[in-house]
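Here's the letter readout for the chains.
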Amino acid sequence: MKKYYVSTPIYYVNGSPHIGHVYTTVAADVLARFERRRGKEVFFSVGVDENSQKNVEAMAKAGDDNLQNYLDKMAQIWKTAWDDLGITYDRFIRTTEPCHHAAVERFWRAVLKSGDIYKGKYEGNYCTGCESFKTDSELADGRCPLHPKDELKAVSEENYFFKASNYRDELLALIDKHPEFVGPVARKNEIKNYIRDHFQDFSISRESKNMEAGIPVPDDPSQKIYVWFDALINYLTVVGYGTDESAFKQWWPADLHLVGKDIIKFHCALWPAMILSAAKNDPALRTEDGKAKLPKRIFAHGFFTIEGQKISKSIGNIIDPRDLVPTYGFDAIRYFLLREIPFGEDGDFSIDRLRERYVHDLSNTLGNLLNRAIAMSRKYFDEKIPAAISHSANYTFADEQGAKELAKNFDKNISGLSFDSALETIWNGIEGKYGLLQANKFIEDTQPFKLIKTDPDAVAVILYSLLEYCRIVAWLIEPIMPETAKKMITQLGQDFEIEQNRNREDLLSWGGCKPNTDLPQPEVLFPPL
RNA sequence: CGCGGGAUAGAGCAGUUGGCAGCUCGCCAGGCCCAUAACCUGGAGGUCGCCGGUUCGAGUCCGGCUCCCGCAACCA
C-alpha cells in the first residue's frame, strides 16, 4: 500500500488558533482525507512549537509564571480546537516531549559528526525583532530592513554555527532537478534567489542564561538549541526518528510539508541543508544507495486579509473559526477557504463573500439540486429511487463517461493543490458539461415535472441519472465537506458507514444508486441564513 | 537597488504551455413551478494600470514606469 505523509507547521502557542491557522490545517486535512479515500496509508501530523522564547513572553503577558503549566494549558487548547473541528490528524506533537528531545539530540550529533557545526565567537548585530543575527549585507542603512525602528544590538556571544553554506550548490541543483520541491513557482524562484545570494551559516544556539525555553546543546548545557533547528526536526520525531526505526523507515521522507509563505526559508533552505548534513552520519536519513532522504515537496500557501485588513489583534479582526460554525457549519467554512482563494496566492476573507458562497454555491446550487431531485423521485416514484429502463442519452445527465471525466479532473486538481479549480469544476463543469449548474439546467431542459404526465419512463431515466450524479459528487467533495457528503449519501437512501468502506473506484463508478431503494424525506443541506 | 504580492465588467476573482476576453455576485427583461422566494433563458457592462519591444498574433513573453498591498506591535 502506498503511503502519504503530510504535515502542517507546528504553531507557537502564544494565543488560540485563529482562521489563519485553520486555513493551513484544513488544507492538510483535505489532503489526508483525499489520500486515505484513494487507498493510501496516511500519516497526518500537527502540533505546537513549545521551545520558543516567544512562548515565554506570551506566558508573561497571560499573567502566568510557570512555563510548564502554561504550555500544558495551551497544548490542550490547540488540541481541543482541532478535535472540535474534526481535523483527522494522526499525531499531535509537542516539542517538549522527551521523544522529541531525543530526536533532536541524535540529529545534532549526526550534524556535528559531519563537521558542520562549529563554535564561533559572534560579534555582530542582533535584531531582537527577528531573533537572529544580521550580516552587513542584510542591513539597510545600518538597520534591519524588517525592523527599521529597532536599534540593532551589538552582541558578542559564543554560539554554535551550522555550516549551511556548504550546501548551497547542492540545494540549488536539487531545486533545478526537482522543480516540484518548492511550490508554488513564485516561491521556488524566491527561494532560489535567497539560497544563491543570502544563504549563509546559521547560528544554531544561544547562551542558556538568556533562555528559559529550549533544548540544551548535547554535552554543552551552557547553550540551548536555536528554536528553528529544533522545531524542524519535529517532522522526523512524529514518524519515529530515534524511537521507532521501522515506523521511520516506512514514513520518512514526508510527501508534503504544508507551510505559510512566511516560513519558506526555514523549510526550503535550512531544513534540507540540515538533512543533507545529518544524513552523512545517520543511515536512517539515507536511502540504500546513500542519498539523503529529503521531503518530496514543500508548498507554501498565501496569506489572506480579513475584510481587506491584515489579521491583527489590535485591529481586532481575529476570527476563531468556531464562532462561525454555529451559523454556517464547518463544511461551508472549509469550502469557502479553499474555493475562494487560489491555494498559494494571497486572498481576502470576508463575511459577505462567505455568505454569498454559502447562499449561491451551497444552498441554491448544491443543496437545491439534491433536494429537487429527491423530491421529484419521491413524488413520482413512490418515495423510491426510480428504475431507469432505457438509457436514452437525451434523458441522461452525466453518465459513466461524465463521472469518470469529473473524477479525473478533480483528482488532478487536488493532487496539484489547486483546490479552487477542483471545486470550480464540480460547480461549473468541464467545458460546460457535468457541473452542478448544468445539472440544474438539465432539469429545466428536460422538464421532468411536465414529462411525468406523458412519459414516466423517460422521467425515471432523468431522475435516476440526477440522483446518481449527486451521489458521485458527494464522494468527490467528501474530503472537503465530509459532513455534507455524509448527509447527501444518507438522503440518497444509503448507509454512509457501510458505503465508505468500499474502495473509491467503486464509489465513483456509475450505478451506485440501487433502483427501488427507499428515499427518506430530504432535509435541507444548507438552511437559509 | 531589503524581500514578496497585486492592478482584467459596478463588486469579488479565474485566465497552465501567446490563438475570437471568462466565472460568481449585482443590475435589466423574460420563462418555469419539481425545489431551500430556490431553478432556467436573454441582455447591458471591459481600449485586460501606463509606455515601448518581440511576434502573423500579447491579458499572457521582454524592458521601463505609475499606483496599491503584505513582511518591521499582535499576526498562518
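Being a predicted model, the structure only gives us computed values, none of them experimental. (Residues numbered from 1 in each chain as written. Chains lettered and ligands numbered in written order. Predicted model: local features only at pLDDT ≥ 70, side-chain atom pairs only at ≥ 80, totals over all residues. Heavy atoms only, no water.)

A. Just the nonpolar core, in detail. Ranked by size, the top nonpolar core spans 113 residues in total, and within it Trp-82, Phe-349, Trp-427, Leu-466 and Tyr-469 carry the most contacts. Taken together, domain 1 (3-306) and domain 2 (332-507) each give at least three residues to this core, which thus spans both. Among residues more than four places away in sequence, those in contact with Trp-82 are Tyr-11, Pro-17, His-21, Val-22, Thr-25, Val-46, Ile-87, Tyr-89 and Phe-92. Grouped together as the second largest cluster of nonpolar side chains are 66 residues, Val-104, Val-111, Leu-172 and Ala-284 included. (Core = buried A, V, L, I, M, F, W, Y, C linked by side-chain atoms within 4.5 Å. Buried < 20%, exposed > 50% of the residue type's maximum accessible area, 1.4 Å probe, protein only. Domains from an automatic or database assignment. Contact = heavy atoms within 4.5 Å.)

B. Just the sheet that holds strand E7 (residues 182-183), in detail. On the basis of which strands lie adjacent, the open sheet formed by 6 strands has the order E3-E2-E1-E12-E13-E7 and parallel pairing. Each having just a single partner strand, strand E3 (91-94) and E7 make up the two edges of the open sheet. Sheet topology places strand E12 (residues 256-260) next to strand E13 (residues 298-301); 4 bridges connect them, and they run parallel. Bridging across to E13, Gly-260 finds its partner in His-301. Set on the sheet, helix H10 (residues 264-279) makes contact with E7, E12 and E13; between it and E12 the angle comes to about 140°. (Pairing = 2+ DSSP bridges. Helix = DSSP H or I, 4+ residues; strand = E, 2+ residues; numbered from the N terminus. Axes fitted to C-alpha atoms, helices over the stretch in contact; angles between N-to-C directions.)

C. Quick look at the side chain of Thr-237. Along the polypeptide, Thr-237 turns up in helix H8 (residues 234-237). A relative accessible area of 4% means that Thr-237 is categorised as buried. Polar contacts involving the side chain of Thr-237 include one to the side chain of His-100, which spans 2.8 Å. The residues contacting Thr-237, other than those within four sequence positions of it, are Ile-93, Cys-99, His-100 and Ala-103. (Polar contact = N/O pair within 3.5 Å; in protein donor to acceptor, adjacent residues only side chain to side chain.)

D. Structural detail: the pairing of strand E2 (residues 41-49). Where burial is concerned, most of E2 is hidden: 8 out of the 9 residues are buried. Relative to E2, strand E1 (residues 3-12) runs parallel, the two being bridged by 8 bridges. Its bridge partner being in E2, Val-6 is matched across the sheet by Phe-44. In this view, the connection linking E1 to its parallel neighbour E2 by way of helix H1 (residues 19-37) has right-handed handedness. Where E2 lies against E3, 4 bridges are found, and the strand directions are parallel. From the neighbouring strand, Ser-45 faces E3, where its bridge partner is Arg-91. (Right-handed = clockwise from strand over helix to strand, strands pointing away.)

E. Structural detail: the domain arrangement of chain A. Entries for chain A in the domain assignment read domain 1 (3-306) and domain 2 (332-507). Summarising the inter-unit geometry, the C-alpha centres of domain 1 and domain 2 are found 41 Å apart. Opposite the 27 residues of domain 1 that make contact, domain 2 presents 27 residues. Taking both partners together, domain 1 and domain 2 bury about 2,400 Å²; carbon and sulfur atoms supply 64% of that area. Summed over the shared surface of domain 1 and domain 2, the result is 3 salt bridges. Taken together, the links from domain 1 to domain 2 amount to 10 residue pairs in polar contact (both at pLDDT 80 or more). For the side of domain 1 that touches domain 2, the secondary structure elements donating two or more residues are H1, E12, E13 and strand E14 (304-306). At 11 residues, the largest contribution of residues to the side of domain 1 that touches domain 2 is made by H1. (Buried area = accessible area lost by both parts, 1.4 Å probe. Salt bridge = Lys/Arg side-chain N within 4 Å of Asp/Glu carboxyl O.)

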